[in-house]
Amino acid sequence: MPIKVFHTRTRKKEVFQPLQEGKVGIYVCGITAYDVCHIGHARAAVVFDVVVRHLRSRGYQVTYVKNFTDIDDKIILRAQKEGVNFSEISERFINLHNEDMTALGVETPSITPKATEHMDDMISLIKILMEKGYAYAVDGDVYFAVNNFPQYGRLSGRNLDEMQAGARVDVNDRKKNPMDFALWKASKEGEPFWDSPWGPGRPGWHIECSAMSRRYLGETFDIHGGGEDLIFPHHENEIAQSQAASGKPLANYWMHNGFVKVDSEKMSKSLGNIFPIREILKNYHPEVLRLFMLQSHYRSPVDYSTSSLNEARTGLIRCYSTLQQLKEILEASTGNEMQSVKNKSQVKQEEYVNRLNELMEKFDTALDDDFNTAQALGYVFDAVRLFNNFVAGGKNIIAAGQSAVLPEAKKAFGHFGAVLGIFQDDPDHFFQIDKEMETRKRGLDVAEIENLIKDRQAARNAREWTRADEIRGKLASLNVVLKDSKDKTIWSIE
RNA sequence: GGCGGCAUAGCCAAGUGGCUAAGGCAGCGGUCUGCAAAACCGUUAUUCUCCGGUUCAAGUCCGGAUGCCGCCUCCA
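The rules behind the values
- Residues numbered from 1 in each chain as written.
- Chains lettered and ligands numbered in written order.
- Predicted model: local features only at pLDDT ≥ 70, side-chain atom pairs only at ≥ 80, totals over all residues.
- Heavy atoms only, no water.
- Core = buried A, V, L, I, M, F, W, Y, C linked by side-chain atoms within 4.5 Å.
- Buried < 20%, exposed > 50% of the residue type's maximum accessible area, 1.4 Å probe, protein only.
- Helix = DSSP H or I, 4+ residues; strand = E, 2+ residues; numbered from the N terminus.
- Contact = heavy atoms within 4.5 Å.
- Expected span 1.5 Å × (residues − 1).
- Arc of directions from axis to C-beta.
- Polar contact = N/O pair within 3.5 Å; in protein donor to acceptor, adjacent residues only side chain to side chain.
- Near = heavy atom within 4 Å.
- Salt bridge = Lys/Arg side-chain N within 4 Å of Asp/Glu carboxyl O.
- Pairing = 2+ DSSP bridges.

A. View of the nonpolar core. Ranked by internal contacts, the top residues of the largest apolar core, which has 116 residues, are F144, F413 and F423. Among the elements that line this core, the one with the most residues is helix α12 (residues 373–393), at 11 residues. In this structure, F413 is in contact with T322, L323, L326, V380, A383, V384, F387 and F423, ignoring residues within four places of it in sequence. With 20 residues, the next largest nonpolar core counts V5, V28, L55 and V62 among its residues.

B. Just helix α16 (residues 446–461), in detail. Taking 1.5 Å per residue as the helical rise, α16 with its 16 residues ought to reach 22 Å, and the 22 Å between its terminal C-alpha atoms agrees with that figure. Looking at α16, one finds that the buried residues are I449, L452, I453, R456 and A459. One face of α16 carries all of its buried residues, which in axial projection span an arc of 120°. Turned more than 90 degrees from where α16 packs its buried face, K454 and N461 sit exposed. Considering only its buried residues, α16 is in contact with α15 (427–441), α17 (465–477), β14 (480–484) and β15 (489–493). Between the side-chain oxygen at the start of α16 and the backbone nitrogen of A447 there is a gap of 3.0 Å, and the oxygen is on D445. Residue R463 follows α16 closely and has a positive phi angle near 55°.

C. Inspection of the protein's contact with RNA strand B at higher detail. Lining the immediate surroundings of RNA strand B are 55 residues, of which K74, W205, G227, K266 and R472 lie closest. Taken together, the sugar and phosphate atoms account for 61% of what RNA strand B places within 4 Å of the protein. N372 has a polar side-chain atom sitting 2.6 Å from a phosphate oxygen of RNA strand B. The side chain of R460 places a nitrogen or oxygen atom 3.1 Å from a base oxygen of RNA strand B. Counting only elements with at least two residues in the surface near RNA strand B, the list comes to α1 (39–57), β9 (221–227), β11 (260–262), α10 (306–333), α12, α16, α17 and β14.

D. Representation of unusual backbone geometry within the structure. In the segment running from F232 into P233, the intervening peptide bond is cis, with an omega of 0°. Positionally, P233 belongs in helix α7 (residues 231–246). A positive phi is found at D139, a non-glycine position, where the angle reads about 50°. Within the secondary structure, D139 is located in the loop between β5 (135–138) and β6 (141–144).

E. Geometry of the pattern of salt bridges. One pass over the structure, following the stated rule, counts 32 salt bridges. K362 is the salt-bridge partner of E358, the closest N and O atoms lying 3.8 Å from each other. Within this pair, E358 and its partner K362 are both found in helix α11 (residues 346–368), separated by 4 residues, close to a single helical turn. Exposure remark for E358: the relative accessible area of 43% places this residue in the partly exposed category. We classify K362 as partly exposed; its relative accessible area is 36%. Linking R442 and E438 is a salt bridge whose minimum nitrogen-to-oxygen distance equals 3.0 Å. Assessed through its relative accessible area of 1%, E438 is described here as buried.

F. α12, seen in detail. Relative to the 30 Å expected for 21 residues at 1.5 Å per residue, α12 spans 30 Å between its end C-alpha atoms, a close match to the ideal helical length. Listing the buried residues of α12 in full gives T373, A376, L377, Y379, V380, F381, A383, V384, L386, F387, F390 and V391.

G. How the structure looks around the sheet that holds strand β13 (residues 302–304). Across the sheet, which stays open at both edges, the 3 strands sit in the order β12-β11-β13 with mixed pairing between neighbours. Here the strands that pair on one side only, and so sit at the sheet edges, are β12 (265–266) and β13. In the sheet, β11 pairs with β12 via 2 bridges, with the strands oriented antiparallel. Looking across to β12, one finds that V262 is bridged to E265.

Purely spatial values, then, with no claim about function.
The following block contains the structure:
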């Protein structure tokens, strides 16, 4: 079963064929380090994290490059506002970014190059473009001449005439064509600069990615990714620069993730509806955010809201309850003396094992089909129900610790979790974190809750049901839900 | 103005020509339980915004209408 990838240029799913057998080179545009990352950045990171995880689980050796733009107008602006060096700003936000990614369980890419560390690469690339007649210098600026690159606009499905008709670009006398874009910008007074054949200045945004992908992945590589807003102009310009220089295709597949929206609108500073990752992670376990995103297809827009996040939380709790159950059974069964099991259910057990295997295959196949995480999660939940069903009907078998279903379930959930980057927490720890966050959000006092539970337990032991129910009712009004089992009472926040 | 995307149950969301339209959340009935909760079992879209067309067969392809969204400016 081949892997299929939706290619932005052809707008079709295509069979993925890497340049080199068994190896994949992928480049994804990273952040501009001038502010904290929001859930939009989180989505892009999680999407490509899963892409890479799946490719690896399918046996590919993946080189994943994700850059940092650490020199840029917005960084300079912020540095000037704060009266610090630009690098202080970029370093600060790169560090915060890395913290957020770690918290989200996003694996660190193979290579994370920074623009400022690749000045030579950029300058030599611009030189090539000058020599080949694709670029021209004016007063210390260097521009790319889009008219000299006939394929300009192919990725985004536009042509120069259309774009100029509705152009909203600044009129700039120095450009030959209003669509020409800067490869090198002459530095203004007080701005950071690097020396170049065209005078002191700094690189344009687009040339960074062309230079860094070229350095680490070569002139042509397999997959280039990023948010859908980067298709034009950023990726179009990257293609123009790289292909003009090398005469070869830049990337064989272009993948773009959809946006995170809020109230059906794009997040933007002007609307004031930006949600930083670190703010959300104060209130939700990071895997809740991952699950929320992975429940939709990566190319569709997702609408962020507290209620959809809460739904994802409930779904994740369902999974972790099962994982906890599995963990407890496995722990209880180790060290116990093996009892002989009545073989009555042996056939049934084989069926459970087979069905788990089948779900694992379906899961992988779903991801093969353009990384359909939503469908894959459907199979994960099927496995949850299947295992719960097994537990509900097979207590005596489990007690013996002999069931072949147990290691199989462990393997299945381990696989699902490893590829999607969820189920990485210990179940008990997960519930503890969840409880802490929920009680804090609601301003509840844990000690008080636990005292009430003790009182209720005392009432229950005395078979004073009315009193016990009264206490439970009181707790319920605080959104505290109780779960009684034989020897203990577990509580959680609804 | 130009280019593109989306429209599936109360909500979220898979599905890209063919068996009974995944899954999650919410709801309802049953089992379990002192009663609950959780879990399990069952149940909740004769139908996929609307109107035409192609086809033996369409949520899925084509044309049109309506509504929502994105890109064309920095943006994941």
